[in-house]
Amino acid sequence: MANRKQKRIEIDGVTHWVSGQTEKEIIASIIRLARETNNTVVKKSTKPKVRFRDYADSWFLLYKQRKVKFREAQNHQIILKKHLYPFFGKMDLAKVGTEDIQLFYNQKVDKGYAGSTIHKMETILKQIFRSAIEDNLIEKNPAISTRLSYSKREERREPLSMEKAIALFNALGNIPRVQDRLLIAFPIFAGTRRGETLGLRWEHIDWINRFLCIRQSIYYENGKPNVGRPKTKAGIRDIPLDNLLASILIPIKKDMGYIIGDGVNPMTECAYRRSWERIKSHINLNGKTAHHLRHTYITFAESSGIDLKTLQAIAGHADASTTLNRYAHQRKDILKGAGETLNKVFSQIGESVAENVANAK
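Residues numbered from 1 in each chain as written. Predicted model: local features only at pLDDT ≥ 70, side-chain atom pairs only at ≥ 80, totals over all residues. Heavy atoms only, no water.

Engineer: Report on empty space enclosed by the protein, specifying residues and quantitative values.
Structural biologist: Enumeration over the complete set of coordinates arrives at 1 cavity of 30 Å³ or more. The calculated volume of the largest cavity comes to roughly 40 Å³. Taken together, L183, P187, T192, R193, R194, T197, Y272, W276 and A290 form the lining of the largest cavity. Of all elements in the fold, only α7 (178-190), α8 (194-199) and α10 (269-282) reach the threshold of two or more residues within the lining of the largest cavity. Looking at the lining of the largest cavity residue by residue, the classes come out as 5 nonpolar, 2 polar and 2 charged. (1 Å grid on protein atoms, 1.4 Å probe; cavity = no way out; pocket = protein on both sides within 12 Å on 5 of 7 lines; lining within 4 Å. Points joined across faces, edges and corners; volume = space filled by probe spheres on them. Helix = DSSP H or I, 4+ residues; strand = E, 2+ residues; numbered from the N terminus. Nonpolar A, V, L, I, M, F, W, Y, C, P; charged D, E, K, R; others polar.)

Shown next, in the form of structure tokens:
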């Protein structure tokens, strides 16, 4: 018989031990115990005291972990452990109020977190409390209130200027290890995301038609690489193989295996971090990350006049509005330039029309 697992929880100030052979059995026991405790305190017209963390752990394992993609589940865990548990973890679930949540938002805004990041935390909070209502542990969702607010202002990820991009291109040769060089080359010459870069295999290069074929992505769990699908369905795509990128790849060309890694296995998270530390010791990235380099590639592609649908396909965005919204500031520059050109044309037409009218008189 398999060993039974145990977990300690606290309800109404009383410590309880629940057990089960699997996490699912333990979670079911926690929820059942909370409901049973709730039934015994009806006369007091109070809810059982369940810690936020105990309930959130159970909610995540039972309702979320298996229903979302691996990467999304991983992001949920990060938000829970890094943000929600330090603030709400030891609090009585039923005593968390709207004012507590506003204080939490204020704290995150003060620390400089982007509105989109806080929104993800807000979404998880709402889901946890909504589930607690269904389990009859609370009566009202404190995360839903017209009083709650936080800064929606987003800091734009500025791409490298053309001057700095050229300087970076010229500095690539200063990076001694080819694989380190490729961690820069793939996002800035092909616009790949980190996971897509690490998931590239030699079989994914169409040398005849000059395409990089994005077919998989690498996600990390406890530092170990896992192979999965790209971020969205649109992430499965073919990207034109740039000549500069090809010039780095051709000297080390192989028939199969991971391009970045030991060939058989993709690069580990620890190795990835060490690579970036080496890169920064050899060249000046101007504080930019791999995602900024991807942003630079797509921005240059947009500025070159590539139409929106093609740009969407190259970027791997599921929705064209994502492409348009993220690179709208560049499009405004193009539109401004077009407006100046039209003004010149119409001015010339206006002068001609005015001259013709004058002659007619």
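From this point, the discussion proceeds with the structure in view.
Engineer: Account for the packing of α7 against α10, naming residues and giving values.
Structural biologist: Each packed pair of helices is defined by two parameters, the angle between the axes and the distance between the axes. Contact geometry of α7 with α10 gives a least axis separation of 10 Å together with a crossing angle of 85°. In terms of their interaxial angle, α7 and α10 are classed as roughly perpendicular. For the pair α7 and α10, contact is made by D180, L183 and I184 and by Y272, S275, W276, R278 and I279, respectively. The residue makeup of the contact of α7 with α10, split by class, is 5 nonpolar, 1 polar and 2 charged. (Axes fitted to C-alpha atoms, helices over the stretch in contact; angles between N-to-C directions. Parallel < 35°, antiparallel > 145°, perpendicular 65-115°, else oblique. Contact = heavy atoms within 4.5 Å.)

Engineer: Could you give me a rundown of helix α4 (residues 98-110), with the residues and numbers involved?
Structural biologist: Relative to the 18 Å expected for 13 residues at 1.5 Å per residue, α4 spans 18 Å between its end C-alpha atoms, a close match to the ideal helical length. Buried residues of α4: T98, D100, I101, Q102, F104, Y105 and K108, and no others. The first or second residue beyond α4 is G112, which carries a positive phi of 90°. (Expected span 1.5 Å × (residues − 1). Buried < 20%, exposed > 50% of the residue type's maximum accessible area, 1.4 Å probe, protein only.)

Engineer: A description of the packing of α7 against helix α11 (residues 290-303) should follow, citing residues and the corresponding values.
Structural biologist: Taken N-terminus to C-terminus, the directions of α7 and α11 make an angle of 30°; their axes are 6 Å apart at the nearest point. Here α7 is positioned roughly parallel relative to α11, judged by the angle of their axes. Here I184, P187, I188, F189 and A190 of α7 lie close against α11, whose contacting residues are A290, L293, R294, T296 and Y297. Grouping the constituent residues of the contact of α7 with α11 by class yields 8 nonpolar, 1 polar and 1 charged.

Engineer: With reference to specific residues and values, describe the layout of surface pockets.
Structural biologist: To find the voids left in a structure, one rolls a probe of water-molecule size over its atoms. What the second largest pocket holds in volume is close to 280 Å³. As for the second largest pocket, its lining consists of F60, Q65, F70, A73, Q74, Q77, I78, K81, E221 and N222. A class-by-class count of the residues in the lining of the second largest pocket yields 4 nonpolar, 4 polar and 2 charged.

Engineer: Please provide a residue-by-residue account of the packing of aromatic side chains, values included.
Structural biologist: Per the counting criterion, the structure on display carries 10 aromatic pairs. Here F52 and F129 contribute two aromatic rings whose centre-to-centre distance is 5.9 Å and whose plane-to-plane angle is 50°, an arrangement assigned as tilted. Taken together, the residues F52 in helix α2 (residues 52-64) and F129 in helix α5 (residues 115-134) connect sequence positions 77 residues apart. Seen in terms of ring centroids, Y272 and W276 are 6.4 Å apart; in terms of plane orientation they differ by 55°. Their pairing is tilted. Of this pair, Y272 and W276 both sit in helix α10, 4 residues apart, which is roughly one turn of the helix. Note on accessibility: Y272 and W276 belong to one class, buried. Aromatic rings pair up to connect F52, Y85, F87, F88, F104, Y105, F129 and Y150 into one cluster. Directly above the aromatic system of Y272 lies the positively charged group of R194, at a separation of 5.1 Å from the ring centroid. Note that R201 overlies the ring of Y258, its terminal NZ or CZ placed 4.7 Å from the centroid. (Phe/Tyr/Trp six-rings, centres within 6.5 Å; stacked < 30°, edge-to-face > 60°. Lys NZ or Arg CZ within 6 Å of the ring centre and 35° of its normal.)

Engineer: I'd like a description of unusual backbone geometry, backed by residues and values.
Structural biologist: You will see that N136, though not glycine, has its phi angle at about 60°, which is positive. Checked against the element boundaries, N136 lands in the loop between α5 and α6 (162-171). Look at N286: it is not a glycine, yet its phi comes out positive at around 55°. Mapped onto the elements of the fold, N286 is located in the loop between α10 and α11. Judged by its relative accessible area of 31%, N286 falls in the partly exposed class.

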